[in-house]
Amino acid sequence: MNSIISEHRFTEVELSPLERQRYARHLSIPDVGLEGQRKLKASRVLCIGAGGLGSPVTMYLAAAGIGEIGIVDFDRVDYSNLQRQLLHDTSDVGKLKIESAIERLGAINPGVRVKAFETRLTSENAAKIAAPYDLIVDGTDNFQTRYLSNDLSVLTRKPNVYGSIFRFEGQVSVFAPHLGGPCYRCLFPNPPEPGQVPSCAEGGVLGVLPGIIGCLQANEAIKLILGLGDPLIGRLVHFDALAFRFREIKLRRDPQCAVCGENPTITELQDITFACDMNPSPSLPEIDVHQLKSRLEVGPLFVLLDVREPAEIEVARLDGSVVIPLGELPARLGELDPAVETIIHCKAGGRSAKALQILLDAGFTHVCHVKGGINAWSAEIDPSVPLY
Ligand code: ZN
């Protein structure tokens, strides 16, 4: 495996006496040495997302002496991030994530250039942002950005170090068709339909899991830069934290792949439409939280149906709501009276839309759901309701 950093880039790089001290434990590994540390210093890594995965990835890459770390993120730090996103601490709540990331990474290693892009990665800006970087680390939590970062990496021939996490499980791989192996689209040609997978924020994740998976991603990034070992190209490692089991799955390239196949149909970046927190069907009747507030003030002439899971109800609940988790709804329709209006809500609006469709299919006519769910209620109406 050759380094992805070309020789003329790192041979000119010098290390100061202080840097030699800082990286002493790298310099004393024969396979790394001064040349390896020069490669790290000459390299530029773009990390998409400054959240659960982006935290360990950028912190370890900064500590390792990567020359430049780019971070793309437009979000602000929220209390619910602190359980796993160690780039940010309690005093950062409300700040832009890139602001706390710059501070944190600067404190870890002031010798590293940190370039922050306060934006959502889009087909318009992605190529320009990624241009100076040698590899991309996918630390995203949504399908739009995941497909975009995959296509970006294939089209610009930059390795894409992929990681994903859900509850107690995580996955990591390196997608780099130009170095062999498949891309993400070879495995999953198309994004799932909204509703087939739990919405981004609704599934939950064990706090240490992004730490484990993110460190594995940082490890792969460093190996690609150093040109050492066997990168996770053509292999996907699945980690089950509860069973404590790593499973390796061999991956094959799909010759029919739309982006890296023999006759690609995707030759320039495109935004995919995958509505995660949005209403999957715009035609479904919905109200916003302000309308819900007025309706509640007038009086409970309707049933407020909450379709979240019991563990979520314990975190936050609106007064007077009736709870039927989405999965139980088809079997428990008899508990609802079609003659009485039903207003459905969930956490962010995804599950309530599905519940609404179930009721419409069952012949209910007097139904609607709440745009943005209980999180919108917390953000816009009553901050005493915990945002989670
Ligand atoms: Zn492919």
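The structure under discussion appears in the preceding block.
Residues numbered from 1 in each chain as written. Predicted model: local features only at pLDDT ≥ 70, side-chain atom pairs only at ≥ 80, totals over all residues. Heavy atoms only, no water.

Draft legend 1. Broad picture of the environment of N150. Residue placement: N150 occurs in helix 8 (residues 143-156). Judged by its relative accessible area of 0%, N150 is buried. Considering only alpha carbons, one finds N150 and N160, ten residues apart in sequence, at a separation of 6.7 Å. Setting aside anything within four residues of it in sequence, one finds N150 in contact with N160, F175, C183, Y184, R185 and V259. (Helix = DSSP H or I, 4+ residues; strand = E, 2+ residues; numbered from the N terminus. Buried < 20%, exposed > 50% of the residue type's maximum accessible area, 1.4 Å probe, protein only. Contact = heavy atoms within 4.5 Å.)

Draft legend 2. Representation of the coordination of the zinc ion within the structure. Surrounding the zinc ion are the protein donor atoms C183 (SG), C186 (SG), C257 (SG) and C260 (SG), which sit 2.3 Å from the metal. The site at the zinc ion holds four donor atoms, and with the angles between them running 93 to 121 degrees, its shape is tetrahedral. Motif for the zinc ion, donor spacing along one chain: C-x2-C-x70-C-x2-C. Of the two residues, C183 is situated in the loop between strand 6 (169-175) and helix 9 (184-187) and C260 in the loop between strand 8 (245-250) and strand 9 (286-287); the sequence distance between them amounts to 77 residues. Neither C183 nor C260 differs from the other in exposure class; each is buried. (Donors = N, O, S within 2.8 Å, 3.2 Å for Na, K, Ca; no water. Tetrahedral: all angles 85-135°; square planar, octahedral: opposite > 155°, others 65-115°.)

Draft legend 3. Molecular detail of the pairing of strand 10 (residues 302-306). Extensive coverage of strand 10 is indicated by the burial of four of its five residues. Inspection of the sheet shows strand 10 paired to strand 12 (residues 341-345) by five bridges, in the parallel sense. Residue pairing across strands places L305 opposite I344, the latter belonging to strand 12. Two elements, strand 10 and strand 11 (residues 322-323), share two bridges in a ladder whose sense is parallel. By the bridge assignment, D306 is partnered in strand 11 with V323. (Pairing = 2+ DSSP bridges.)

Draft legend 4. Inspection of a nonpolar patch on the surface at higher detail. The grouping of F168, L206, V208, I212, L242, F244 and F246 at the surface amounts to a nonpolar patch, some 680 Å² of accessible area in total. Turning to its location among the elements, L242 is positioned in the loop between strand 7 (235-240) and strand 8. By relative accessible area, L242 is classed as exposed at 63%. (Patch = residues over 30% accessible without salt bridge, like charges linked within 9 Å, V, L, I, M, F, W, Y side chains within 5 Å. Areas by Shrake-Rupley, 256 points an atom, 1.4 Å probe, with all protein chains shown as cover. Salt bridge = Lys/Arg side-chain N within 4 Å of Asp/Glu carboxyl O.)

Draft legend 5. Representation of the pattern of salt bridges within the structure. Across all of its chains, the model carries 19 salt bridges by this definition. Between K250 and E248 there is a salt bridge, with the nearest N and O atoms lying 3.3 Å from each other. With a shortest N-O distance of 2.6 Å, R295 and E341 are connected by a salt bridge. Separated by 46 residues along the polypeptide, R295 in helix 11 (residues 289-298) and E341 in strand 12 bring together distant segments of the chain. Salt bridges sharing common partners tie together D92, K95 and E103.

Draft legend 6. Seen up close, the sheet that holds strand 11. Pairing is parallel across the open sheet formed by five strands, whose spatial order is 9-13-12-10-11. At either margin of the open sheet sits one strand with a lone partner, and together these are strand 9 and strand 11. Looking at chain direction, strand 12 and strand 13 (residues 367-370) are connected through three bridges and run parallel. The partner of I343 across the bridge, within strand 13, is C368. This element, helix 11, spans strand 9, strand 10, strand 12 and strand 13 of the sheet and lies at about 135 degrees to strand 10. Of the strands in this sheet, strand 12 and strand 13 touch helix 13 (residues 350-361), which is tilted by about 175 degrees from strand 13. (Axes fitted to C-alpha atoms, helices over the stretch in contact; angles between N-to-C directions.)

Draft legend 7. Structural detail: the packing of helix 5 (residues 54-64) against helix 10 (residues 208-226). Axis separation between helix 5 and helix 10 bottoms out at 8 Å; the angle between their running directions is 40 degrees. The orientation of helix 5 relative to helix 10 falls into the category oblique. Crossing angle aside, the handedness with which helix 5 passes helix 10 is right-handed. In contact with P56, V57, Y60, L61 and A64 of helix 5, helix 10 contributes P210, G211, G214, C215, Q217, A218, A221 and I222. Its residues assigned to classes, the contact of helix 5 with helix 10 shows ten nonpolar, three polar and no charged. (Parallel < 35°, antiparallel > 145°, perpendicular 65-115°, else oblique. Left-handed = near helix turned anticlockwise from the far one by under 90°. Nonpolar A, V, L, I, M, F, W, Y, C, P; charged D, E, K, R; others polar.)

Draft legend 8. Broad picture of the packing of aromatic side chains. On inspection of all chains with the given rule, the structure shows eight aromatic pairs. Arranged with centres 6.0 Å apart and planes meeting at 65 degrees, the rings of F175 and Y184 form a pair that is edge-to-face. The exposure classification of F175 matches that of Y184, with both residues buried. Centre to centre, the rings of F244 and F246 are 6.1 Å apart; their planes meet at 80 degrees, and the pair counts as edge-to-face. (Phe/Tyr/Trp six-rings, centres within 6.5 Å; stacked < 30°, edge-to-face > 60°.)

Draft legend 9. Inspection of the pairing of strand 8 at higher detail. Note: strand 7 against strand 8, six bridges, orientation antiparallel. Bridging from a neighbouring strand, D240 pairs with R245 of strand 8. Taking the residues that link successive antiparallel strands as the turn, the strand 7-strand 8 hairpin has four residues, and the phi of F244 there is positive, at about 45 degrees.

Draft legend 10. Geometry of helix 13. If you check helix 13, its first and last C-alpha atoms are 17 Å apart, about what twelve residues at 1.5 Å a residue would give, namely 16 Å. On its buried side, helix 13 packs onto helix 12 (310-315), strand 12 and strand 13. In the segment just after helix 13, G363 is the residue with positive phi, at about 100 degrees. (Expected span 1.5 Å × (residues − 1).)

Draft legend 11. Seen up close, the sheet that holds strand 8. Here eight strands make up an open sheet; going across it, the order is 3-2-1-4-5-6-7-8 and the pairing mixed. Edge positions in the open sheet fall to strand 3 (113-117) and strand 8, since each of these has one partner strand only. This sheet shows a mean twist of 15 degrees between the axes of neighbouring strands, independent of strand direction. One ladder, built from seven bridges, connects strand 5 (residues 160-166) with strand 6; its direction is antiparallel. By the bridge assignment for strand 6, G163 is matched with V172. Each of strand 1 (44-48), strand 4 (135-138), strand 5, strand 6, strand 7 and strand 8 touches helix 10; the most contacted strand, strand 5, lies at about 170 degrees to it.

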